[in-house]
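The lines below spell out each chain.
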Amino acid sequence: MSDHEHHDPGFIRKYVFSVDHKVIGIQYTVTSLLFLLFGFGLMMIMRAQLAYPQGDFSFLERIFGEAGFVGGAMLPEFYNQLGAMHGTIMVFLGVVPLAVGGFGNYVMPLQIGAPDMAFPKLNMASYWVYLPGGLIMLSSFFVEGGAAQYGWTAYPPLANTQPEYLGQTLWLVGMVFLITSSLLGSVNFIVTIVQLRVKGLSFFRLPFFVWAQFITSFLLLLAFPPLEAAGVMQLMDRVAGTSFFMPDGLVIGGRPANVAGGGNPLLWQHLFWFLAHPEVYVLILPALGIVGEVIANNTRKPLWGYRSLVYSVIFLGFMSFIVWAHHMFMTGMGQTLSIFFQTTTMIISIPSVIILTALILSLWGGSIRFNVPMLFALSFLPMFGIGGLTGLPLGLAASDIQLHDTYYVIGHFHFVVAPGTLMALFAGIYYWYPKATGRMMNEMLGKLHWIGTLVFLNGVFIPMFVQGLAGVSRRLYDQTWYEHGKEVQNWTVASSWSAWLLGIAQIPFILNFFLSLRAGKKVGENPWHATTLEWAAPSPPPHGNFTSEPVVYRGPYEYSVPGDSEDYSPQFVQKA
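Residues numbered from 1 in each chain as written. Predicted model: local features only at pLDDT ≥ 70, side-chain atom pairs only at ≥ 80, totals over all residues. Heavy atoms only, no water.

Caption draft 1: Region of interest: the environment of Thr390. Along the polypeptide, Thr390 turns up in helix H11 (residues 372-391). Given a relative accessible area of 13%, Thr390 falls into the buried group. It is 26 Å that separates the C-alpha atoms of Thr390 and Thr480, two residues lying 90 residues apart in sequence. Not counting the four nearest positions on each side in its chain, Thr390 is found in contact with Tyr408, His412 and Phe465. A distance of 3.1 Å separates a polar side-chain atom of Thr390 from the backbone oxygen of Gly387. (Helix = DSSP H or I, 4+ residues; strand = E, 2+ residues; numbered from the N terminus. Buried < 20%, exposed > 50% of the residue type's maximum accessible area, 1.4 Å probe, protein only. Contact = heavy atoms within 4.5 Å. Polar contact = N/O pair within 3.5 Å; in protein donor to acceptor, adjacent residues only side chain to side chain.)

Caption draft 2: Region of interest: the packing of helix H4 (residues 76-111) against helix H6 (residues 166-195). Closest axis-to-axis distance for the H4/H6 pair is 11 Å, and the angle between their directions is 20°. When the axis of H4 is compared with that of H6, the two are roughly parallel. In terms of crossing hand, the pair formed by H4 and H6 is left-handed. Across the interface between the two elements, Met85, Thr88, Phe92, Leu93, Val100, Gly104, Asn105 and Met108 of H4 pack against Trp171, Met175, Leu178, Phe189, Thr192 and Ile193 of H6. Looking at the contact of H4 with H6 residue by residue, the class counts come to 10 nonpolar, four polar and no charged. (Axes fitted to C-alpha atoms, helices over the stretch in contact; angles between N-to-C directions. Parallel < 35°, antiparallel > 145°, perpendicular 65-115°, else oblique. Left-handed = near helix turned anticlockwise from the far one by under 90°. Nonpolar A, V, L, I, M, F, W, Y, C, P; charged D, E, K, R; others polar.)

Caption draft 3: Empty space enclosed by the protein, seen in detail. Going through the model one piece at a time under the given rule, you end up with five cavities of 30 Å³ or more. Each pocket or cavity is described by its volume, and for the largest cavity that value is around 210 Å³. Surrounding the largest cavity, 19 residues form its lining, Tyr28, Val96, Pro97, Ser181 and Ser182 being those nearest its centre. Looking at the lining of the largest cavity residue by residue, the classes come out as 10 nonpolar, eight polar and one charged. (1 Å grid on protein atoms, 1.4 Å probe; cavity = no way out; pocket = protein on both sides within 12 Å on 5 of 7 lines; lining within 4 Å. Points joined across faces, edges and corners; volume = space filled by probe spheres on them.)

Caption draft 4: Focus on the nonpolar core. Counting residues in hydrophobic clusters, the biggest one holds 182 residues, and the most contacted among them are Met85, Leu227, Leu285, Leu288, Ile295 and Phe380. With near-sequence residues (within four places) excluded, Phe380 lies in contact with Ala287, Leu288, Val291, Gly420, Thr421, Met423 and Ala424. (Core = buried A, V, L, I, M, F, W, Y, C linked by side-chain atoms within 4.5 Å.)

Caption draft 5: Here's a closer look at the packing of aromatic side chains. Scanning the model with the defined rule gives 50 aromatic pairs in all. Both rings, one in Phe380 and one in Phe384, keep their centres 5.4 Å apart while their planes meet at 10°; by these two values the pair is stacked. Of this pair, Phe380 and Phe384 both sit in helix H11, four residues apart, which is roughly one turn of that helix. Look at Tyr431 and Trp432: their rings are 5.1 Å apart centre to centre, the planes differ by 70°, and that puts the pair in the edge-to-face class. Judged on exposure class, the residue Tyr431 and its partner Trp432 are both buried. One aromatic cluster in this structure is built from Phe92, Trp152, Phe224, Phe245, Trp268, Phe272, Trp273 and Phe413. Over the ring of Phe203 we find Arg197, and its NZ or CZ is 4.1 Å from the ring centre. Cation over ring: Arg307 sits above Phe204, and NZ or CZ is 4.1 Å from the ring centre. (Phe/Tyr/Trp six-rings, centres within 6.5 Å; stacked < 30°, edge-to-face > 60°. Lys NZ or Arg CZ within 6 Å of the ring centre and 35° of its normal.)

Below you can see the structure in the form of structure tokens.
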């Protein structure tokens, strides 16, 4: 620990350009929560337009000006901007940085007994590449023509047809920054987990959360470079006149397009989805790791089938690279390829089912404590199950052709990411908040936040399955102009009201988060009576994390061991 003894670096070095993994984790957490709040705000505006397409939104026009509204009516181009930026912000600026940059940075080094990350300056660089990337993206709302409006997938040739609009160009520049940030972080995570584990901490004594972050880092490292290359190529198509994705014979507005041609729009789809399907598991695996930690602690028993959980996340990570084209059944791929990707998609559901089953079986016979982290973790299980089951029809070409680009797809994906992953992330915030601050969050406000979030999240997304099965397209800013949309408009209104109530349900969390910093109950090192290594450090941990280097004597989840005087046996305590 002597390497970490030095003079006080001052406020800027300590809290702004910090190389301490805990400060960087908090920076990621707070920044990503702010981005999530902004992205959620964009969604609420979209829901207003969908629920009341002939409504007068003059109050929004005063905020966004004539770029988005005319006479109180929303322009379809502005709705497209909201949709593209909402998806991008929530995935690339919100959930992934929170799950990996926030929780991974703060908790993972503590759980392996490390004093810091392997490359602290690289860690700092990853945050300071992420933040400008996000700000560059958000700045596109203020340029002529507005933000990117071609969906979060940015399919060419559509995304390349208006190079004079700066918004899409800024989106691509921002994506390059964000991808670079993830690559820097993933290298750091892998080296840290391999090299900096303390004495006695073998791979099969690692907490499940560390395994989840380990596999997630490999996914980021291997899947993001193709999209970074694709992003640079599309950027060149827009600003340098190249034609990586622009085909021959393209006609725009009744005139031949002024492009060199010879490119292939499907190449972008392959490169994008080669990242974006592993990206789904980048969202899910840290969430599964958090839920595993919370369930083991609050059932007071070991996780059921620890090794099967580990092997499942490894297999899940590998399989996620060979299912991407199930997003592309509509592109006219041959039957052989279609069958291959259908088969791999069905296979990848197997490890997901094993993980979910193991977490549910872990509840059996447990002495369950229904505190706030546990309530969120328990809510994750059925939500993730619904998300997974509703995805199966989308993995089969015959049913996907009918459901493609309908609200069914939106409902499925969001059940995985919103009622699913976000529930787990909230569980993690409530669980590790006392470790980061030395204070507990308020239990009553937490339970109020939980019930409101659970009810209204379902209220937002369950109607989307009905809309999707009715054939309503996800791309429309007014669904009432044709018969299918008009028939399910009541469901649309119900979904929108649920979204606004969901926003209100976050107020107890925001109050709790900040008020508990001063008024929360003070706690010691191990308020949850947990077994993993982070609870050996003081709360909050000092520079270097531990007062003395810990040693690991046993596995991560030794709860309720017969013959022990306590119902938990920490990894770091040697038995007499």
